[in-house]
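Here's the letter readout for the chains.
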Amino acid sequence: MKKSSYLKDVVSRFRTHKLAMIGMWVLIVELLLLIFLPEIMKLQPYEIYSGFGAVPGGEHILGTDNTGRDLFARLIYGGRTSMYVGFFSVLISFAVGVPLGMLAGYYRGPVEAVIMRAADVFLSFPSMVFILVLVSVIGPSITSATVVIGIMGWPGFARQLYGSVLSVREKDYIEGARAIGTKNFAIMFRYILPNAFAPILIAFTFGIASAILQESGLSFLGMGVQVPEASWGNMLYAAQSVSIIATRPWMWVPPGVCLLVTVLSINLFGDGLRDALDPKMKI
Amino acid sequence: MGKYIFKRLLIAVITFFGITVLVYVLASMAPGSPVEMILAGTNNLTEGDVARLEAQMGLDKPVYIQYLIWLKNVLSGNLGISYRTMRPVAEMVAERIGPTLMLTVAALILALCIAVPLGILSAHKPYSAWDYASSVFAFIGAATPNFFAAMILIFIFSIRLGVLPTSGMYDAGVKTTLPMLLRHMVLPVVTLMLQYVGIYTRHMRSSMMEVLGDDYIRTARAKGLREKSVVVSHAFRNALIPLVTQIGLSLPALIGGAIITEQVFSWPGMGTLMVQSINYRDYPTIMGITVLIAGFVLLGNIAVDLFYGVLDPRVSKR
Amino acid sequence: MAEPILEVRNLKTGFYSKKGIFYAVEDVNFTLMPGRTLGIVGESGCGKSVTCLSMLKLLPERNSLIEENSSVRMHGEELTKKSRREMCKIRGNEIAMIFQDSMTSLNPVMTIERQMVEPFMVHQKLSRAEARRKSLDMLKKVGIPSPETKIKQFPHQLSGGQRQRVMIAMALSCNPQVLIADEPTTALDVTIQAQIVRLMKELQEKLDTAIILITHDLGVVAEMADEIMVMYAGNVVEKAGKRELFEEPLHPYTKGLLASIPSLAKDTDRLYTIEGVVPSLQDMPRGCRFCDRCEYSMPRCREENPALGRIQGREVRCFLYNEKQPKEGDI
């Protein structure tokens, strides 16, 4: 009973957030396009056509790149890459950060000190630098970008969880559960995790946006997704010379705008989600 | 106050060591041994040559001893020899510090100069057109990858209007002057700053609004102070405190942004050196830059902490 | 008889919300004579503070309004129509205010000196050095030990009692004719409370200041006030001299309030409590606002809200005493 009315409240609060609704619809449409367009239009992102550097129009909606690949096909596949890297890297951050944060909050003492100090070290250092060093060691690819960005994202989740655990661990019902002999892990999963659900969902959403930005940055430096794989970042990487910027804006404006719109929509969605889930939370 | 500073310094030192350990571990995972890298291209190597060089470089010792030797060298200013240029890393990096600092500090100061007044204005008239515009700007700023912003700026100001240069710090082949440097700085600084203007404005707005609802503001008004002096002498300093925390938190990302921005504008800073070194797998240089950046970020954090202590007299008590 | 300093008539203050305007204070009338103390008593949320903040126009303009025909006159001058700039000249100068929590009511990042010199510099146009000298005088007057050191310190370095003394010193620095004290002793220890009350009485005698004392602490009112106004849910329900009110409370709410004071003389096991809760602003009853909790409520109480009627030189808002009183709006 109570649960369903909470959900109803959340949904109705979210609906009043106009920008968040716009963000959500943009994302839904975008995801549908990314999933179905390649099938419908028979897009060939890796095929090298004869006329390289073709202008937009005719057979190739956005023309072809310097080697003759269809730019529109690459734009769509680049979107798939962004979504893939964004989602799975945050999943990795989640999988690493949540248990660590929970351990730190629950056991305190030296475990807490080591984990939270490590989180500080990661947070007080430019993650871009770590990511670059790591990629240079394991070699650039979609997988390595996903893994590296994911690993670098753990402190955010760990801190979130740590905070949640601290705030509930002294509550009476935890004491009660402990008193009747409930195992530590059972306590964590049954009582603590549900309490942290809202902030984690919010962190997850914003995490995807920032992971997409990081992937594109990494690819823009030539250290992320490698050609022939497509990514919005490496499309911009290929178009960064002044002559291309000046004469062939169709090579760099579409991927840039797609990145902007995607990240903006996710952030707006996340903003609405935060307001809807917890009206008391700020910024 | 003394105790507070000491505590912050201690944390900074621990963090610094944490980063060096991490960097060392990462670099030692890299494929290929340093000896191979150095001797690459040399013919007629005997096993003895390799072993001698390994011993000379301390590579026959356990890893933690190697780390300590490296750390000792780093702390005494010896960052090793670059595989790529065969020059001392310290020397190479030293040339790059100035340009990077110039870029980041200018961007940070400029962002604050714009964001602080804008935030106060938004807080003063919340839900006005101004306020709305600044929040749209903040959202778009935070969502725009800075390399894309850089390309747009280049397109507008360098290509269409032809008023600003697209790369480097100076024009080639002529005597360098300060106005020339400033002209070259405009686009990279604006690129780097864009993201932070919006974020800082929103933070300034929300902390200002919160402060304006505080009890001591009501006291100040009850004393008969004009609204302007209430804001300037009572609210402003209190509202800066959370903003300073935010600045501290965003320092690492600022450096990350600088790497990409330097790359777009071929700015001869640590970022471009970093990217070159990674392309060449020049590990001594990579490690040197990383350690140096860590040092700078921590110094920045200490500066933020000090400023924080100056702003808030209660801090030393906490 | 002397001229009143302050006359409040038909004060009605509301707040905007999504569902319309809600009135936190309605139909408040009182007169303040020089050198006298008016105590305003009531539970939290009954409109005591809103009444005083409205008088000084200190409520946020964005979400509050003071009704058109409300009137606050100081020496015959209407305050509600004054501009912001004119109000600034009155606040802290002619009417000063001290607040409940001295920890949050003093600016945490400014020294005592910087906060104390402001009224002198703003209202009396003194130089910083003169203002500082005067501030030191004030600190001595309110009994702060070693004022030379304390003036250089920050609020968190002072004790609660010292901070409240600083608040009082600051409020009295321009010799205001009216001092509004909003729960001045609530946040303090009992012993310190007594000291602060004594201090305020002393200063009142010396400076001939009129005081409006807002509190829910009947003990403090008994100590300080000459006249008492009891408020309930935004209405004045009873107004009487201190002696009359304590000896013979008329309104059922006042009776309840007095009965709920613990007393050593009476041998009771349980403290008296008033059943129920204050109605919220959103759903004020049509009739008397107290009728749901009232032991004496009659059918008529549910239908209409009684007006404040005069009886034996005091005022009370209850049908028990003035059955034949005119309906609202006839006055």
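Residues numbered from 1 in each chain as written. Chains lettered and ligands numbered in written order. Predicted model: local features only at pLDDT ≥ 70, side-chain atom pairs only at ≥ 80, totals over all residues.

**Details of the overall build of chain C**
Consideration 1: Of regular secondary structure, chain C possesses 12 helices and 13 strands.
Consideration 2: Rg of the C-alpha trace for chain C: 21 Å, near the compact-globule value of 20 Å for 331 residues, within the 12% margin.
Consideration 3: In terms of its C-alpha atoms, chain C occupies a principal-axis envelope of roughly 65 × 50 × 45 Å.
Consideration 4: Of all 331 residues assigned to chain C, the portion counted as buried reaches 42%.
Consideration 5: Intrachain contacts of chain C at a sequence separation of at least 6 include 61% that bridge at least 24 residues. (Helix = DSSP H or I, 4+ residues; strand = E, 2+ residues; numbered from the N terminus. Rg over C-alpha atoms; globule rule 2.2 N^0.38 Å. Buried ≥ 20, exposed ≤ 12 C-beta atoms within 10 Å, placed from the backbone. Contact = placed C-beta atoms within 7 Å.)

**With respect to the overall build of chain B**
Consideration 1: Looking only at helices and strands, chain B has 12 helices and zero strands in total.
Consideration 2: Counted from the first residue to the last, chain B has its helices and strands arranged as α-α-α-α-α-α-α-α-α-α-α-α.
Consideration 3: Across its three principal axes, chain B shows a C-alpha extent of roughly 85 × 55 × 35 Å.
Consideration 4: In chain B, which comprises 318 residues, the share counted as buried stands at 40%.

**Some thoughts on the UniProt feature "domain: ABC transporter" (unreviewed entry) in chain C**
Consideration 1: Residues given the UniProt feature "domain: ABC transporter" (unreviewed entry) here are residues 6-258 of chain C.
Consideration 2: The straight-line gap between the two end C-alpha atoms of residues 6-258 of chain C is 28 Å; of that span, 40% is helix and 26% is strand. (UniProt positions renumbered as here; feature names shortened; annotations may be inferred.)

**Observations regarding the interface of chain B and chain A**
Consideration 1: With 42 residues of chain B in contact, the opposing surface of chain A contributes 36 residues.
Consideration 2: Secondary-structure elements contributing two or more residues to the side of chain B that touches chain A are α1 (2-28), α6 (129-143), α7 (146-160), α10 (227-264), α11 (270-279) and α12 (283-311) of chain B.
Consideration 3: Its residues assigned to classes, the side of chain B that touches chain A shows 32 nonpolar, nine polar and one charged. (Nonpolar A, V, L, I, M, F, W, Y, C, P; charged D, E, K, R; others polar.)

**As for the nonpolar core**
Consideration 1: Grouped together as the largest cluster of nonpolar side chains are 231 residues, with contacts concentrated most on I131 of chain A together with I212 of chain C.
Consideration 2: In this structure, I212 of chain C is in contact with L32, L38, I40, C52, V178 and I180 of chain C, ignoring residues within four places of it in sequence. (Core = buried A, V, L, I, M, F, W, Y, C linked by C-beta atoms within 7 Å.)

**As for unusual backbone geometry**
Consideration 1: Cis geometry is found at the peptide bond from V227 of chain A to P228 of chain A, where omega equals 10 degrees.
Consideration 2: For P228 of chain A, the location among the structural elements is in the loop between α10 (197-220) and α11 (232-238).
Consideration 3: Positive phi outside glycine occurs at M86 of chain B, with the angle close to 60 degrees.
Consideration 4: Tracing the sequence through the fold places M86 of chain B in the loop between α4 (63-75) and α5 (89-124).
Consideration 5: Notably, K57 of chain C is not glycine yet its phi reads approximately 50 degrees, a positive angle.
Consideration 6: With respect to the secondary-structure elements, K57 of chain C resides in the loop between α1 (48-55) and β4 (64-66).

**With respect to the UniProt feature "transmembrane region" (unreviewed entry) in chain B**
All names here are of chain B.
Consideration 1: Those residues carrying the UniProt feature "transmembrane region" (unreviewed entry) are residues 9-27, 101-124, 136-161, 181-199, 243-265 and 285-311 in this numbering.
Consideration 2: Between the first and last C-alpha atoms of residues 101-124 the distance is 34 Å; the span itself is 100% helix and 0% strand.
Consideration 3: Its end C-alpha atoms 26 Å apart, residues 136-161 is made of 88% helix and 0% strand.

**A closer look at the interface of chain B and chain C**
Consideration 1: Facing the 19 residues of chain B at the interface are 22 residues of chain C.
Consideration 2: The set of elements that each furnish at least two residues to the side of chain B that touches chain C consists of α9 (215-222) and α10 of chain B.
Consideration 3: In terms of residues, the side of chain B that touches chain C owes the most to one element, α9 of chain B, which gives six residues.
Consideration 4: Partitioning the side of chain B that touches chain C into residue classes produces five nonpolar, four polar and 10 charged.

**Regarding α10 of chain A**
Consideration 1: Between its first and last C-alpha, α10 of chain A extends 34 Å over 24 residues, near the 34 Å set by a 1.5 Å rise per residue.
Consideration 2: Downstream of α10 of chain A by a residue or two, G222 of chain A has a phi angle that is positive, lying close to 80 degrees. (Expected span 1.5 Å × (residues − 1).)

**A few points about the confidence of the model for chain C**
Residues and elements named next belong to chain C.
Consideration 1: When pLDDT is averaged along chain C, the result is 85, and 94% of the positions lie at 70 or above.
Consideration 2: Note that residues 326-331 has pLDDT below 50 and, in this model, six contacts with residues that lie over four places away or in other chains.
Consideration 3: Predicted complex, confidence summary: ipTM 0.87, pTM 0.83. (pLDDT = per-residue confidence, 0-100.)

**Overview of the sheet that holds strand β11 (residues 235-241) of chain C**
All names here are of chain C.
Consideration 1: Taken together, the eight strands give an open sheet; going across it, the order is β7-β8-β9-β3-β10-β11-β13-β12, and neighbouring strands pair in mixed fashion. The two strands at the open ends of the sheet, each matched to only one other strand, are β7 (95-98) and β12 (309-311). The mean angle between the axes of side-by-side strands here comes to 20 degrees, regardless of whether they run parallel or antiparallel.
Consideration 2: Relative to strand β9 (residues 210-215), strand β8 (residues 178-182) runs parallel, the two being bridged by five bridges. (Pairing = 2+ DSSP bridges. Axes fitted to C-alpha atoms, helices over the stretch in contact; angles between N-to-C directions.)

**Observations concerning the packing of helix α7 (residues 160-172) of chain C against helix α8 (residues 190-207) of chain C**
Axes are the key here: two packed helices are described by the angle between their axes and the distance separating the axes.
All names here are of chain C.
Consideration 1: Remark: α7 packs on α8, axes separated minimally by 10 Å, with the N-to-C direction vectors making an angle of 15 degrees. One element, α7, and the other, α8, form an angle in the roughly parallel class. Judged by the twist between their axes, the crossing of α7 over α8 is right-handed. Note on element contacts: α8 touches α7 through I192, Q195, I196, L199, M200, L203 and L207, opposite G160, G161, Q164, R165, I168 and L172.
Consideration 2: A class-by-class count of the residues in the contact of α7 with α8 yields eight nonpolar, four polar and one charged. (Parallel < 35°, antiparallel > 145°, perpendicular 65-115°, else oblique. Left-handed = near helix turned anticlockwise from the far one by under 90°.)

**Some remarks on the packing of α10 of chain A against helix α13 (residues 253-277) of chain A**
All names here are of chain A.
Consideration 1: It is at 9 Å that the axes of α10 and α13 come closest, and there the two elements cross at 170 degrees. By the angle class used here, α10 and α13 are roughly antiparallel. Seen from α10, the contacting residues are A198, L201, I202, T205, F206, I208, A209, I212, L213 and S216; seen from α13, they are L259, T262, V263, I266, N267, F269, G270, L273, R274 and L277.
Consideration 2: The class makeup of the residues in the contact of α10 with α13 is 14 nonpolar, five polar and one charged.

**Structural notes on the pairing of β9 of chain C**
Residues and elements named next belong to chain C.
Consideration 1: With respect to burial, β9 is a largely interior element, six of its six residues being buried.
Consideration 2: With burial as the criterion, each face of β9 is covered, one bearing A210, I212 and I214 and the other bearing I211, L213 and T215.
Consideration 3: Two elements, strand β3 (residues 37-41) and β9, share five bridges in a ladder whose sense is parallel. In the strand pairing of β9, G39 is matched with L213.
Consideration 4: A crossover connection joins β8 to the parallel β9 through α8; in handedness this β-α-β unit is right-handed. (Right-handed = clockwise from strand over helix to strand, strands pointing away.)

**Structural notes on the environment of F155 of chain B**
Consideration 1: Looking at the element boundaries, F155 of chain B is found in helix α7.
Consideration 2: The partly exposed category is assigned to F155 of chain B, around which 18 C-beta atoms lie within 10 Å.
Consideration 3: On a C-alpha basis, the gap between F155 of chain B and D282 of chain B in space is 34 Å, while along the polypeptide they are 127 residues apart.
Consideration 4: Ignoring anything within four residues of it in the chain, the contact list for F155 of chain B reads I245 of chain A together with R160 of chain B.

**A look at the environment of V277 of chain C**
Residue and element names in this part refer to chain C.
Consideration 1: Inspection of the secondary structure assignment puts V277 in the loop between α11 (252-259) and α12 (299-303).
Consideration 2: Taking the number of C-beta atoms within 10 Å as the measure of exposure, V277 has 9 and is therefore exposed.
Consideration 3: Placed 15 residues apart in sequence, V277 and D292 show a C-alpha to C-alpha distance of 8.8 Å.

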